[in-house]
Amino acid sequence: MAAVKDIFQFVDSIAPFETQEGFDNAGFLVGRGGREVRKVLVALDITLEVADEAVSQGAELILAHHPVIFQPVQSVTDGTVTGRVLLELLEHGVAAICAHTNLDAAHGGVNGCLARTLELGEIGQLCQAGVDAKGRPYGIGRVGLVHRSGLTAKEYAAFVKEKLGSSCVRYVDGGRPVSRVAVGGGACGSMIEDALAAGCDTFVTSDLKYNQFLDAKALGLNLMDAGHFPTENVVCEPLARRLAEAFPDVEVLLSQVHCEVCGAV
């Protein structure tokens, strides 16, 4: 039977933690490495609801994307949101492994899953940050060719909304038909210039600011904000599948309670 440390080593093999960004706190964050694992819960975030779900399902481990501990924690009490989540994990012996920017950048990670979900062809890297210890290139963002030529920005935004299950897609029409698309799961608005340099007419990401839409329009770029959760949650099911294949004796569950918290009217 697998232990927490075995699953950490597997995640490290497909998305090396050494490749995470300097600001990040990805890794084995809660629990005992030798704890035997019979059930793993996979989720984008470890909220209190997800922690409760893991406890109710009898999972010994949560594998998540966003770090459950990101900012420095000076105390663990029920007086803070993070404290309540950590107490729930610790009191019930649930471990936490979080693969964040390392999973964003890895082959087959967040951005690759996003590109495939949007049916892009001839997928390549948007930015290469380096190569890992095994010589594999890694970097944030992907580029590819649109699934059907001739789409307007409005038509493509509707397609993105449907494929990702977004509550809404905010977009600006840069005045060009959609052909070559860049994608950046999560908050990648700082990569607008990279998308343009890669010859893209369209960039799909999230958490964009007002001035970024203005700039994109002036630069002739179709810019789309499809939401942080929808652009990253696409990795959870493929990650769960890879985990189940690597550890056939472990039951791998996808969170059923975690969803996009932002609605639209």
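Here is a short report on the structure shown in this document. Within every chain, residues take consecutive numbers counted from 1 along the sequence as written. Local features are withheld for residues below a pLDDT of 70 in this predicted model, meaning they are given only at 70 or higher, and side-chain atom pairs are given and counted only at 80 or more; totals for whole chains, interfaces and linings count all residues. Only hydrogens and water are set aside; all other atoms, that is, all heavy atoms of the structure, feed into the side-chain values.

### Here's the deal with the sheet that holds strand β5 (residues 121–125)
In step 1: Pairing between two strands requires that DSSP report at least two bridges joining them. A run of DSSP states H or I qualifies as a helix once it reaches four residues; a run of E qualifies as a strand once it reaches two. Both are numbered from the N-terminal end. The 6 strands are arranged β5-β8-β10-β11-β12-β9 in an open sheet whose pairing can be described as mixed. On the outer flanks of this sheet lie β5 and β9 (170–172), each paired with one strand and no other. Pairs of neighbouring strands in the sheet enclose a mean axial angle of 20°, with direction left out of account.
In step 2: Sheet topology note: the β9/strand β12 (residues 222–225) ladder contains 3 bridges and is antiparallel. Looking at β12, one finds that Tyr171 is bridged to Met224. Axis definition: a line fitted to C-alpha atoms, limited for helices to the stretch in contact. Angles are taken between N-to-C directions and run from 0 to 180 degrees.

### Digging into the sheet that holds strand β1 (residues 27–30)
Adjacent strands of a sheet form backbone hydrogen bonds with each other and so pair up, either parallel or antiparallel.
In step 1: Taking strand neighbours across the sheet as the criterion, the 5 strands line up as β1-β4-β3-β2-β13 in an open arrangement whose pairing is mixed. Two strands in the sheet have a free side with no partner beyond their single neighbour: β1 and β13 (251–254). Each strand axis lies, on average, 25° off the axis of its neighbour in the sheet, ignoring direction.
In step 2: Here strand β2 (residues 39–43) pairs with strand β3 (residues 61–64) via 4 bridges, running parallel. Considered in β3, the bridge of Leu41 is made with Ile62.
In step 3: Lying over the sheet, helix α2 (residues 48–57) contacts β2, β3 and β13, oriented at roughly 160° with respect to β2.
In step 4: Contacts are residue-level and defined by heavy atoms, with any inter-residue pair within 4.5 Å sufficient. Along the sheet face, helix α10 (residues 236–246) touches β2, β3 and β13 and points at about 175° away from the line of β13.

### Quick notes on the pairing of strand β4 (residues 95–98)
In step 1: Judged by which residues are buried, β4 turns out to be covered on both faces: Ala95 and Ile97 on one side and Ala96 and Cys98 on the other are all buried.
In step 2: Looking at chain direction, β1 and β4 are connected through 3 bridges and run antiparallel. For Phe28, the partnering residue across the bridge sits in β4 and is Ile97.
In step 3: Two elements, β3 and β4, share 4 bridges in a ladder whose sense is parallel. Each bridged residue has a counterpart across the sheet, and for Ile62 the counterpart in β4 is Ala96.
In step 4: If the strands point away from the viewer and the path from the first strand over the helix to the second runs clockwise, then the crossover is right-handed. One crossover worth recording links β3 to the parallel β4 by way of helix α3 (residues 81–91), and it is right-handed. Relative accessibility decides the category of a residue: with a 1.4 Å probe and only protein chains considered, values under 20% of the type maximum give buried, values over 50% give exposed, and everything between is partly exposed.

### Some words on unusual backbone geometry
In step 1: A positive phi is found at Glu122, a non-glycine position, where the angle reads about 50°.
In step 2: Within the secondary structure, Glu122 sits in strand β5.
In step 3: For Glu122, a relative accessible area of 69% puts it in the exposed group.
In step 4: A positive phi angle is found at Asp207, which is not glycine, with a value near 55°.
In step 5: By the element assignment, Asp207 lies in the loop between β11 (202–206) and α8 (210–219).

### Some words on the pattern of salt bridges
Between side chains of opposite charge, pairing is possible as soon as their charged atoms come close.
In step 1: One side-chain nitrogen of Lys or Arg within 4 Å of one carboxyl oxygen of Asp or Glu is enough to make a salt bridge. In total, this model carries 5 salt bridges according to the counting rule given.
In step 2: Ionic pairing is found between Lys39 and Glu251, a salt bridge with its closest N-O pair at 4.0 Å. A residue pair is termed long-range when its members are at least 10 positions apart, and Lys39 in strand β2 and Glu251 in strand β13 qualify at 212 residues.
In step 3: For Glu251, a relative accessible area of 40% puts it in the partly exposed group.
In step 4: Among the salt bridges present, the one from Asp132 reaches Arg136, with a minimum N-O distance of 2.8 Å.
In step 5: We classify Asp132 as buried; its relative accessible area is 10%.

### Brief notes about a nonpolar patch on the surface
In step 1: Patch definition: residues with relative accessible area over 30% and no salt bridge; like charges joined within 9 Å; nonpolar side chains (Val, Leu, Ile, Met, Phe, Trp, Tyr) joined within 5 Å. Per-residue accessibility takes into account occlusion by the displayed protein chains alone, with areas from the Shrake-Rupley method and a 1.4 Å probe. Together, Val73, Val76 and Leu90 give the surface a local cluster of nonpolar side chains, amounting to about 240 Å² of exposed area.
In step 2: As for its placement among the helices and strands, Val73 is situated in the loop between β3 and α3.
In step 3: Residue classification places Val73 among the partly exposed residues on the basis of a relative accessible area of 37%.

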